[in-house]
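What follows is each chain in one-letter form.
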Amino acid sequence: MQKDVRKVKLTKAAIQALPFAEQGKREVYKLESDGAIITGLELRVSSSHKTFSILKRKKNGSPERFTIGRFPEISPEKVKDIVGEVAVTLRKGESVRASGKDDTTLGELFKDFLKNKRNRRGAHLSEKTKQVYQYEFDRYFDKLAKKKLSEVKESTLAKLHSSIGKTAPYAANRALALISSLYSYAKDRKLFTGENPAGGIKKFPEDSRDRFIQADELPRFFQALAEEENETIRDYVLLSLLTGARRSNVLAMQWKDINLDRGEWRLLTTKNGTPQTVTLSPEAIDVLRNRKPAENDKEASIFVFPGDGETGHLTEPKKGWKRILDRSGISDLRIHDLRRTLGSWQAKTGASLSIIGKSLNHKNTSTTAIYARLDLDPVRESVNTATSAMMAAAGLKEAAEVVNLKGKK
C-alpha cells in the first residue's frame, strides 16, 4: 500500500540520495524548487526506478497523469522545462498526449518495427524473424493493438506476463522481451517519450538446457534413425548431428556452399551475424556424396534437402523427428539438442572450450580473440574425434555404416 506523500528538492543530489522502495512497494514524493512545491509534479520511487510524472487537471477538470521519464536519464533541469510545456498545453484544454507522438498505437508501432527495425549489423529483420514476431504479437498483444503507446500500462503487461507464465514461462518471457523491444524502438525513433511499461517486470527464471545424446542412448538413436523410411529426414537429422550446425542452416543448406574435396561447408550468414566455415567429418562427407545429384541433372534442387513448400527446402520435420524418438524410446530430446550433442562429445574427448566455440560458431566476447587465431585443422581433428567416438558408442565403426544405415549401396 502506498505510504504518505513526502517532499524532496528537485536537485540531482537530493534525488540521488533517496533510497529505493521495498520490493513490491512504491513511494511518492512531491518535488520542491526554490522552497515551493511544484504543483502536480511527483517522483514515484519503486524498488528499482525513480520516475518523474505530472498529475494535473485539464480545462474540463478531468485528471491526467503524464510520465516524463526516469532519473537520472531525465535531469531535474529538463524536468522543469517539461513541466512548463505541460502547463501551457493543459491551459489550452488539450491533452498532454494529444499533439505528441505518444499518440501512436501499439499496432502502428509494431508495423513500423517490422518494416524499419535493423539488427546490430545494420541489416533489416529476416523474414523468418518477422514471422516469429508476428505470431507472438498476434497471439499475445492483439487486444492491445489499438491502444496508444501511453495507454499500455505496466500492470496490464504484468498481468498478461503472469497469465502466460502459468503454463508457458519461456513463452511469457519471449513475449515480454518483444514488447520491451517495441518500446525501446519507439523511444529511439522519437515515437514515445514515456517510460517503458515492460521495463520493471521481472522475467520468469529459465533453466539452461544441457541435454544431449548420452553414450547409452546412441545405439538406440542410430537404430531408430536407420529405420526411418524418409531418406531426406534421415539424412537431415544425421547431418545436424555430425555438423553441429544450427537447425535453420542445415535445413537451408545449398550445394554451392559445399566443397567436398576440402571437407568444408561455408555459411555466409549465421544467427550471430558472423560467417562460418563448418568442417565436415568423413561421415558427413559420405552422407553428402550419397545425396549429391548428378552434374548433368538440370532438374536438381539447389538445396541439399529440397522441399515442396515456398522456401524450396525442407521445413520443420516434426512428424519425422517424432517417429525417430518414438522408435528410440527417447522422449525429451529436441532437434537443437543434436547441435549440443556434438559439442558435448567434443568436450568428452578433450577439446578445449575455444575449439568447441569455433566449431559451433558461438559468439562469446571473452573468447572471440582466441577463436580468431585458430585455423580449421584443430577444429577438424576435434570434430572427427568426437564423431568417431559417437560412432563407436553406437556400435558403428566405419563411415560406410553411417551412410548405409538402411543397407543402401
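The model shown is predicted, which means the values in this text are computed figures rather than measured ones. (Residues numbered from 1 in each chain as written. Predicted model: local features only at pLDDT ≥ 70, side-chain atom pairs only at ≥ 80, totals over all residues. Heavy atoms only, no water.)

Student: Any details on empty space enclosed by the protein? Residues and values, ideally.
Tutor: This structure, assessed with the given rule, holds three cavities of 30 Å³ or more. Empty space within the largest cavity amounts to approximately 50 Å³. Those elements that provide at least two residues to the lining of the largest cavity are α5 (154-165) and α6 (169-188). Of the residues contributing to the lining of the largest cavity, the split by class is eight nonpolar, one polar and no charged. (1 Å grid on protein atoms, 1.4 Å probe; cavity = no way out; pocket = protein on both sides within 12 Å on 5 of 7 lines; lining within 4 Å. Points joined across faces, edges and corners; volume = space filled by probe spheres on them. Helix = DSSP H or I, 4+ residues; strand = E, 2+ residues; numbered from the N terminus. Nonpolar A, V, L, I, M, F, W, Y, C, P; charged D, E, K, R; others polar.)

Student: Describe the pattern of salt bridges, listing the residues and the values that go with them.
Tutor: If you walk through the whole model with that rule in mind, you get 15 salt bridges. Glu42 is the salt-bridge partner of Lys30, the closest N and O atoms lying 3.7 Å from each other. Separated by twelve residues along the polypeptide, Lys30 in strand β2 (residues 27-33) and Glu42 in strand β3 (residues 36-45) bring together distant segments of the chain. On the accessibility criterion, Lys30 (27% relative accessible area) is partly exposed. (Salt bridge = Lys/Arg side-chain N within 4 Å of Asp/Glu carboxyl O. Buried < 20%, exposed > 50% of the residue type's maximum accessible area, 1.4 Å probe, protein only.)

Student: Lay out the pairing of strand β7 (residues 264-267) in plain terms, naming residues and giving numbers.
Tutor: It is a general feature of regular strands that their side chains alternate between the two faces of the sheet. Of the pairings in the sheet, the one linking strand β6 (residues 258-259) to β7 comprises two bridges and is antiparallel in character. Bridged to Ile258 within β7 is Trp265. Connecting β6 to the next strand, β7, in antiparallel fashion are four residues, including Gly263 with a positive phi near 70°. Taken together, the four bridges between β7 and strand β8 (residues 276-279) define a ladder with antiparallel strand orientation. Each residue of the ladder has a partner; that of Glu264, found in β8, is Thr279. (Pairing = 2+ DSSP bridges.)

Student: Can you tell me about the pairing of β2, naming the residues and giving the values?
Tutor: A large share of β2 lies buried, amounting to five of its seven residues. One ladder, built from four bridges, connects strand β1 (residues 6-9) with β2; its direction is parallel. Bridging from a neighbouring strand, Arg6 pairs with Tyr29 of β2. With respect to chirality, the unit in which β1 leads through helix α1 (residues 12-17) into the neighbouring parallel β2 is right-handed. Of the strand pairs in this sheet, β2 and β3 are connected by six bridges, and their pairing is antiparallel. If you follow Lys30 over to β3, its bridge partner there is Glu42. With antiparallel pairing between neighbouring strands as the criterion, β2 and β3 make up a hairpin whose turn holds two residues, including Asp34 at a positive phi of roughly 55°. (Right-handed = clockwise from strand over helix to strand, strands pointing away.)

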